[in-house]
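Now for the letters of each chain:
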Amino acid sequence: MTPPAIIAPSILSADFAQLGQECARTMEQGADWLHVDIMDGHFVPNITFGAPVVAKIRKHVDKPTEGHGRGTFDCHMMIAEPKKWVKEFKNAGCDLYCFHYEAAFSTAAESPEQTSEKKTSPRELIRYIHDNEMLAGIAIKPDTSVDVLWDILETADVKEKPDMVLVMTVHPGFGGQKFMASELPKVQALRTRYPELNIEVDGGLGPGTIDLAADAGANVIVAGSAVFGAKDPSEVISLLRKSVDSKNALSAEETKKRFRSGLFDAPVLESYTSEYVDSSPYKHAVIHELVDDKLLRSVRNEVRNNVQFTPKETDIYKIHQSGDLANLDGLDDESLAKLPSLLALRDAIYSETFRDYVSRITGCGPLSGRKTDMAINVYTPGCFLLCHDDVIGSRRVSYILYLTDPDMPWQPEWGGALRLFPVREITSNDGQVAKTPLPDVVKVIPPAWNQLSFFAVQPGESFHDVEEVYHAATKEQLSADNGRVRMAISGWFHIPQIGEEGYVKGEEEKNAKNSSLMQLQGNPAQYDEPQAKPVKVDNPTSSKDDDFEEADLEFLLKYIAPTYLTPDTLEQISEHFGENSSIVLSDILCKKFAQRLRDYVQEQEKQPLPQDSKAIEAASQWKVSKPPHKHRYLYQRPTEPDQLRTSQEESPIYYSKSPRDAPSRATM
């Protein structure tokens, strides 16, 4: 499938008197890249601007966060000695350095000050650009045959392969020339051989010629005066994009072949829509047997054989994760050849046909086809994802498609379920309403092969977690269970981006603001449990003036290692803490008490623990902390000085338990 449309207005047609502002405005109007024409008066007769100007305008446009990403400075180097200027433009903020094939046999000198009799070559120059951490493009003039590129594009060395080919449809050097349709067979030949290659056309492009370029297979469109000279540049950019996307889009017929038969029938759609409307604790849906089984099995095999995973662990999750599958188009041809089914599935999921299907079920409005956002997550025993609401940036719908073993059904007792939390509304005395999730899940959706679970992302509403995948009792049992590998594609559909139908200017910023307000509305933190109860010390005294009495030492020696109670050690601890505001005290408990505590905890770990918060609190002195996206443990709060002590507090040993699934037990 042809890569997505990339619209790169040429700033050669912008107002040079306010170039920075023009660049920023063009990005706001929907441009993906900015095409920066660099001319030296030698390779072409005209002179434009150099690295200092690029550095200045770079301050007005955010750097791309990924290769080929939005904000890319596509520097078209119409210069006689391209290698000399690579580092200069890298430092200025260039992201894609596109040199001309015709100039690629010039000096190998690496700076403007250097001279060298040695000559470079196209492949050596591409490697040099990559070594300087930029994308590399290669351009050909109208008089140059496309055949000169085959050897370069066929190289097995990724470092020497260009990231983009630019086919000039005018003679380079001046803007405003007439489009040369005679150059389009070059584009067709390139697209036929390299379906995933970014192919750029530059010269005479606009609403009247875009269809010709798109039909030939171009996906990176350079337009200068057609954009900057338009009354409504955003409308022109949108038109150019639609023309390219319409040629490259997956047809409805082809899309439907990649899903299960009958999925798109009206009664089936109506059934899922009704289930979504009636679902709780918030709107969600589950579709079984979503994808054509043969295709998904092929996807699973490709993933197992060719995708690398990185273990990741933070305070909220422990998983094994692939790279961002949205960037598959940026892979080299050899890597792409190993993942054809995964590419086919990604294109089907983000096709207009399936996006509309999800939008109809959820009633969430239009979804972006340009911003794909998906990765493969693998949960093995011990992996988990704690409670959160998924509200980040422009996300509109969250989804998870399971790739568990198709021939061994996943067992619910293995864990790994998607679990949904209810939200309660609390009205304060002054009438303000706060929303906060309750600690007990009310909906459990176990993994299943070829099952899609999805829901609209809602600030303060869509709280969920992924249950820990549990360890098997023995290695033999784990082997019999095929390792309990919970593999799934997780991702999001986003709100329409600039230039897409349904785009609303400022919507993402508005959503972010609403999300922040939702977290603060009614001050939900006042209902957190336990609440901190700082103890005020009215007349603080220095520890140096208040030595331990004999009774104090006798009490502390029951629990604390003697070495920590000597005057010298206490003084050292005090000095260290005073200087660093933190300290680590190893082996602080005396050996007998530590062993007794360990034995007690291990014994208590063997005891069953109720899953329901009310049952836990009714059967014990433990309280459940809340809300679950902030706290996940049990606690006991010692009585205050003017209250009677409970029998549990008379014991120096507290019951402690901290599995990932049940709340852990702690004292506060």
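Please refer to the structure placed before this passage.
What counts as what
- Residues numbered from 1 in each chain as written.
- Predicted model: local features only at pLDDT ≥ 70, side-chain atom pairs only at ≥ 80, totals over all residues.
- Heavy atoms only, no water.
- Helix = DSSP H or I, 4+ residues; strand = E, 2+ residues; numbered from the N terminus.
- Buried < 20%, exposed > 50% of the residue type's maximum accessible area, 1.4 Å probe, protein only.
- Contact = heavy atoms within 4.5 Å.
- Areas by Shrake-Rupley, 256 points an atom, 1.4 Å probe, with all protein chains shown as cover.
- Lys, Arg positive; Asp, Glu negative; His and termini not counted.
- Charge placed at Lys NZ, Arg CZ, Asp CG, Glu CD.
- Core = buried A, V, L, I, M, F, W, Y, C linked by side-chain atoms within 4.5 Å.
- Axes fitted to C-alpha atoms, helices over the stretch in contact; angles between N-to-C directions.
- Parallel < 35°, antiparallel > 145°, perpendicular 65-115°, else oblique.
- Nonpolar A, V, L, I, M, F, W, Y, C, P; charged D, E, K, R; others polar.
- Polar contact = N/O pair within 3.5 Å; in protein donor to acceptor, adjacent residues only side chain to side chain.
- Disulfide = S-S within 2.5 Å.
- Pairing = 2+ DSSP bridges.

Draft legend 1. Up close: the overall build of the protein chain. Looking only at helices and strands, the protein chain has 22 helices and 24 strands in total. If one aligns the C-alpha atoms of the protein chain with their principal axes, the spans along those axes are about 95 × 70 × 60 Å. Among the 668 residues that make up the protein chain, the fraction classed as buried is 49%. In the protein chain, the share of contacts with a sequence separation of at least 24, taken over all contacts with a separation of at least 6, comes to 74%. For the protein chain, the accessible surface area stands at approximately 33300 Å², while carbon and sulfur atoms represent 50% of it. Side chains of the protein chain give 73 positive and 100 negative charges; the mean places of these two sets differ by 2 Å.

Draft legend 2. Representation of the nonpolar core within the structure. By size, the foremost hydrophobic cluster in this structure holds 66 residues, and its most contacted members are Ile11, Phe89, Tyr97, Leu149 and Leu190. Apart from residues no more than four positions distant in its own chain, Phe89 is found in contact with Ile38, Gly50, Ala51, Val54, Cys75, Met77, Cys94 and Tyr97. With 44 residues, the next largest nonpolar core counts Tyr276, Val307, Ile361 and Phe493 among its residues.

Draft legend 3. Summary view of the packing of helix 11 (residues 266-278) against helix 15 (residues 352-362). Packing of helix 11 against helix 15 brings their axes to within 8 Å, and their N-to-C directions diverge by 45°. Relative to helix 15, the element helix 11 is oriented oblique. Contacts from Val268, Leu269, Tyr272, Thr273 and Tyr276 in helix 11 reach Tyr357, Arg360, Ile361 and Thr362 in helix 15. Along the lines of polarity and charge, the residues of the contact of helix 11 with helix 15 split into six nonpolar, two polar and one charged.

Draft legend 4. View of helix 15. The element helix 15 is extensively covered by neighbouring structure, given that eight of its 11 residues are classed as buried. Residues of helix 15 that are buried include every one of Thr353, Phe354, Arg355, Tyr357, Val358, Ser359, Ile361 and Thr362, and no others. The positive-phi residue at the C-terminal boundary of helix 15 is Gly363, with phi of around 65°.

Draft legend 5. Examining the side chain of Ser625 more closely. Mapping Ser625 onto the fold places it in the loop between strand 22 (623-624) and strand 23 (633-636). With a relative accessible area of 2%, Ser625 lands in the buried category. A polar side-chain atom of Ser625 sits 2.8 Å from the main-chain carbonyl oxygen of Tyr633. Setting aside residues no more than four positions away along its own chain, Ser625 makes contact with Pro439, Glu529, Pro530, His631, Arg632, Tyr633 and Tyr635.

Draft legend 6. Structural context of the state of the cysteines. Counted under the stated rule, the structure contains zero disulfides. In this structure Cys387 is a free cysteine whose sulfur lies 18 Å from that of Cys383, the closest cysteine sulfur available.

Draft legend 7. Just the sheet that holds strand 1 (residues 6-9), in detail. Spatially, the eight strands line up as an open sheet ordered 1-8-7-6-5-4-3-2, and their pairing is parallel. Edge positions in the sheet fall to strand 1 and strand 2 (33-39), since each of these pairs with one other strand and no more. For this sheet the average axis-to-axis angle between neighbouring strands, irrespective of direction, equals 25°. Pairing geometry for strand 5 (residues 135-140) and strand 6 (residues 164-168), over four bridges, is parallel. In the sheet register, Ile140 faces strand 6, and the bridge partner there is Val167. Packed onto the sheet, helix 4 (residues 122-131) meets strand 4 (96-100) and strand 5 and runs at close to 150° relative to strand 5.

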